Amino acid sequence: DQQVKQNSPSLSVQEGRISILNCDYTNSMFDYFLWYKKYPAEGPTFLISISSIKDKNEDGRFTVFLNKSAKHLSLHIVPSQPGDSAVYFCAALGGGTSYGKLTFGQGTILTVHP
Amino acid sequence: EPEVTQTPSHQVTQMGQEVILRCVPISNHLYFYWYRQILGQKVEFLVSFYNNEISEKSEIFDDQFSVERPDGSNFTLKIRSTKLEDSAMYFCASLTSGQWTQYFGPGTRLLVL
């Protein structure tokens, strides 16, 4: 089941620069997308989300872009900080499943170097 | 800020033993979930639970698994006869009606020997 894919296992960025994390999906019935951040030995922490009827949502340093025709979303972090180093998961809701069931991508390990 | 809690944080068990993982969801939430993450793999959905019954379960959630909400606050995952491949982090999550943001607990690391 590869309905949500994050093709980059890792990303390394310099502090202050932009981090761009990508996510692709195959199920056009997904109607909500979320990004979660996860530190080792902790649960995923909600970061930002976007409804399928929008193409952009911004919250401070974090912006999520959605391109429905390409079934692609991306998370931009500007400026990146060392504390942003974590695993980032893209997750999708809907797709004909029970309310709230999340389908996760494989995750991207972000490392921000000072 | 309200949070989802899970106990124990770590559990080591022998193959074939029963384990019960416990979760206390956020108090006004109505939808409850269990996910797991095998080391190095993606977070996988196991089961969703609403109104005292299972809404959906994955292929992983076979007859060895069960969930229960024994009282107004706890939500448990029982694995009846653990297998080596059940070793993983197990996350509980909860969601309130009309919202989309699911909140996760810190997880229970289960190791089956």
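Preceding this section is the structure that the text describes.
Note that the structure is predicted; figures quoted are calculated from it, not measured.

(A) Representation of the overall build of chain A in the model. Looking only at helices and strands, chain A has 0 helices and 11 strands in total. Since a compact globule built from 114 residues should have a radius of gyration of about 13 Å, the 13 Å found for chain A is in line with a globular shape. Going through the 114 residues of chain A one by one, you find that 48% of them count as buried. Counting contacts in chain A only where the partners sit at least 6 residues apart, residues at least 24 apart contribute 55% of the total. Total accessible area computed for chain A in this model is approximately 5,200 Å², and 50% of it derives from carbon and sulfur atoms. For chain A, the distance from the average position of its 10 positive side-chain charges to the average position of its 9 negative side-chain charges is 4 Å.

(B) Seen up close, the pairing of strand 7 (residues 65-68) of chain B. Residue and element names in this part refer to chain B. Burial along strand 7 is one-sided: Phe65 and Val67 are buried, while Ser66 and Glu68, pointing the other way, are not. In the sheet, strand 7 pairs with strand 8 (residues 75-79) via 4 bridges, with the strands oriented antiparallel. Bridging across to strand 8, valine 67 finds its partner in leucine 77. A loop of 6 residues connects strand 7 with strand 8, the two strands running antiparallel in sequence.

(C) Looking closely at the interface of chain B and chain A. With 22 residues of chain B at the contact, the number on the chain A side is 24 residues. Summed over both partners, the interface of chain B with chain A buries about 1,900 Å², with 62% contributed by carbon and sulfur atoms. Taken as a group, B:Lys42, B:Trp100 and B:Phe104 account for 36% of the area that chain B buries against chain A, more than any other trio of residues on that side. At the surface where chain B touches chain A, the tally comes to 1 salt bridge. If you look at where chain B meets chain A, you find 6 residue pairs in polar contact (both at pLDDT 80 or more). Among the secondary structure elements, those contributing two or more residues to the side of chain B that touches chain A are strand 4 (31-37), strand 5 (43-50), strand 6 (53-57) and strand 9 (88-95) of chain B.

(D) Just the layout of surface pockets, in detail. Empty space within the largest pocket amounts to approximately 410 Å³. Around the largest pocket, the lining is made up of 23 residues, and of these A:Lys38, B:Gln37, B:Ile38, B:Leu39 and B:Gly40 lie nearest the centre. Of all the elements in the fold, those that place two or more residues in the lining of the largest pocket are strand 9 (86-94) and strand 11 (108-113) of chain A together with strand 9 and strand 11 (108-112) of chain B.

How each quantity is defined
Note that residues are indexed from 1 along each chain, following the sequence as it is written. Chain letters start at A and ligand numbers start at 1, both assigned in the order the entries are written. Selection of residues for local features in this predicted model requires a pLDDT of at least 70, selection of side-chain atom pairs for listing and counting requires 80 or more, and totals for whole chains, interfaces and linings are taken over all residues. Side-chain measures here rest on the full set of heavy atoms in the structure, leaving out hydrogens and waters. Strands are runs of DSSP state E lasting at least 2 residues, helices are runs of H or I lasting at least 4, and numbering of each runs from the N terminus. We compute the radius of gyration from the C-alpha atoms alone; for a globule the expected value is 2.2 Å times N to the 0.38, where N is the number of residues. Only protein chains enter the area calculation, which uses a 1.4 Å probe; residues under 20% of their type maximum are buried, those over 50% are exposed, and those in between are partly exposed. Between two residues, a contact is recorded if the distance between any of their heavy atoms is within 4.5 Å. In short, Shrake-Rupley with a 1.4 Å probe defines the accessible areas, and a residue's cover is counted only from the protein chains shown. When charges are counted, neither His nor the chain ends are considered; positive counts come from Lys and Arg and negative counts from Asp and Glu. The location of each charge is read from NZ of Lys, CZ of Arg, CG of Asp or CD of Glu. We treat two strands as partners when DSSP finds at least two bridges between them. Once two parts are put together, the accessible area they lose, assessed with a 1.4 Å probe and summed over both, is termed the buried area. By salt bridge we mean one thing: a side-chain nitrogen of Lys or Arg within 4 Å of a carboxyl oxygen of Asp or Glu. Definition of a polar contact: a pair of N or O atoms within 3.5 Å, with one able to donate and the other able to accept a hydrogen when the atoms are protein atoms, and with sequence-neighbouring residues admitted only if both atoms are side-chain atoms. Of the two site types, the cavity is a set of points on a 1 Å grid over the protein atoms alone where a 1.4 Å probe fits but cannot get out, and the pocket is an open set with protein on both sides within 12 Å along at least five of seven lines, each lined by residues with an atom within 4 Å of a point. Grid points are joined across faces, edges and corners, and a volume is the space filled by probe spheres set on the points.

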